[in-house]
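Here is what each chain is made of, one letter per residue.
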Amino acid sequence: MAQRNFILLGPPGAGKGTQAAALVKRFGVAHISTGDMLREAVEKGTELGRQGQEYMNAGKLVPDDLVINIVRQRVQESDCEAGFLLDGFPRTLAQAEALSAMVDELGLAQPRVVNIVVDDEEILRRLSGRRMCRECNAIYHVAQHNLDVGDTCPACGGKIYQRPDDQKEAIAERLRVYHQQTDPLVPYYTDRGQLVAVPGEGPIDEVRDAMLDRLAAGPDEGA
Ligand code: AP5
């Protein structure tokens, strides 16, 4: 079976983690979230976690070489044989170029890119109300799911917590960094014929269906 790879692009809080589940299920690919990997490294107190923690809590990007290295190792693991879904990577042009070269070098398929489009006001609402499970990384929102910090995860029984970078100041910084460093990836992937754009502000199921339809229809026109 041919290998299929995907990238989920979109601002913090666009719903990348939420929608990743649908793509993983539909295409049987491995979910690779650089944010989850970095948070796990912080939790375990590894060298990577020590180096990344300060950047993450302040809403800044961790240095390109750190993230590129963890992705290079991860995409070669056995669960990526059918393909992978990158969530939160790449986030800079340098990361995108490194990924493209890495994929060619390893003989893998160039990924298709789904850009989830959501405006900044909605992002602020979503992230300030987001809560997560410390064990299984399930994603919730206080307005949609009747839970808050300290409660038990309905999926696995783990503890619910709030990410340190979901405080108001860090959210504003993440949005600033996103527009400055990650926005340029939209024309980059559009010009290469790899990108589809999906409106991300409807209900979760509608966004999912639009995403799967757009992928079936083919890439957006180049600029
Ligand atoms: P990362 O974990 O990747 O965070 P992010 O990109 O900021 O994205 P989020 O996880 O915040 O949001 P999401 O789009 O997944 O939204 P979600 O589905 O949770 O990165 C964290 C940090 O790690 C970075 O700041 C950086 O420091 C570092 N890092 C990671 N990768 C890096 C890289 N490549 N280079 C350098 N540094 C890197 O949804 C959000 C909320 O909205 C939830 O509550 C959800 O329930 C709700 N929601 C989702 N969809 C909908 C909908 N349609 N309607 C209503 N509510 C919805």
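In this report, we go over the structure that sits alongside the text.

The rules we used
- Position numbers for residues start from 1 in each chain and track the written sequence from start to end.
- Note on the predicted model: pLDDT of at least 70 is required for a residue's local features to be given, and 80 or more for side-chain atom pairs to be given and counted; whole-chain, interface and lining totals, by contrast, use all residues.
- Side-chain measures were taken over the full set of non-hydrogen atoms in the model, leaving aside hydrogen atoms and water.
- Summary of the burial criterion: residues with accessible area below 20% of their type's maximum are buried, those above 50% are exposed, and those between are partly exposed, where the area comes from a 1.4 Å probe applied to protein chains only.
- For the purposes of this entry, the term helix denotes a DSSP run of H or I that reaches at least four residues, the term strand denotes a run of E that reaches at least two, and both are numbered from the N terminus.
- Strands were regarded as paired on the criterion that DSSP finds at least two bridges between them.
- Only the six-membered ring of Trp is used, alongside the rings of Phe and Tyr, when aromatic pairs are assigned; centres must lie within 6.5 Å, and planes under 30 degrees apart are stacked while those over 60 apart are edge-to-face, with the rest tilted.
- Charge over a ring is defined by NZ of Lys or CZ of Arg lying within 6 Å of the ring centre and within 35 degrees of the ring normal.

1. Comments concerning the pairing of strand E5 (residues 130–133)
Both faces of E5 are covered, namely the face carrying Arg130 and Met132 and the face carrying Arg131 and Cys133. Alignment of E5 against strand E6 (residues 139–141), held across three bridges, turns out to be antiparallel. Of the residues in E6, the one forming a bridge with arginine 131 is tyrosine 140. In this structure, the hairpin formed by E5 and E6 is closed by a connection of five residues, where asparagine 137 is found at a positive phi of approximately 65°. Where E5 lies against strand E7 (residues 160–161), two bridges are found, and the strand directions are antiparallel. Within E7, the position partnered with methionine 132 by the bridge is tyrosine 161.

2. So, the packing of aromatic side chains
We describe a pair of aromatic rings using the distance from one ring centre to the other and the angle between the two ring planes. The final tally for this structure, using the stated rule, is two aromatic pairs. With centroids separated by 4.6 Å and ring planes inclined at 35°, the aromatic side chains of phenylalanine 6 and phenylalanine 27 adopt a geometry described as tilted. Of this pair, phenylalanine 6 sits in strand E1 (residues 6–9) while phenylalanine 27 sits in helix H1 (residues 16–27); the two residues are 21 residues apart in sequence, bridging distant segments of the chain. Note on phenylalanine 27: relative accessible area 14%, which makes it buried. A centroid spacing of 4.9 Å and a plane angle of 85° characterise the contact between tyrosine 188 and tyrosine 189, whose relative ring orientation is edge-to-face. Here the two residues tyrosine 188 and tyrosine 189 agree in accessibility, since each one is buried. Sitting over the face of the ring of phenylalanine 27, arginine 26 holds its NZ or CZ atom 4.8 Å from the ring centroid. Over the face of the ring belonging to tyrosine 161 we find arginine 134, whose NZ or CZ atom lies 4.1 Å from the ring centre.

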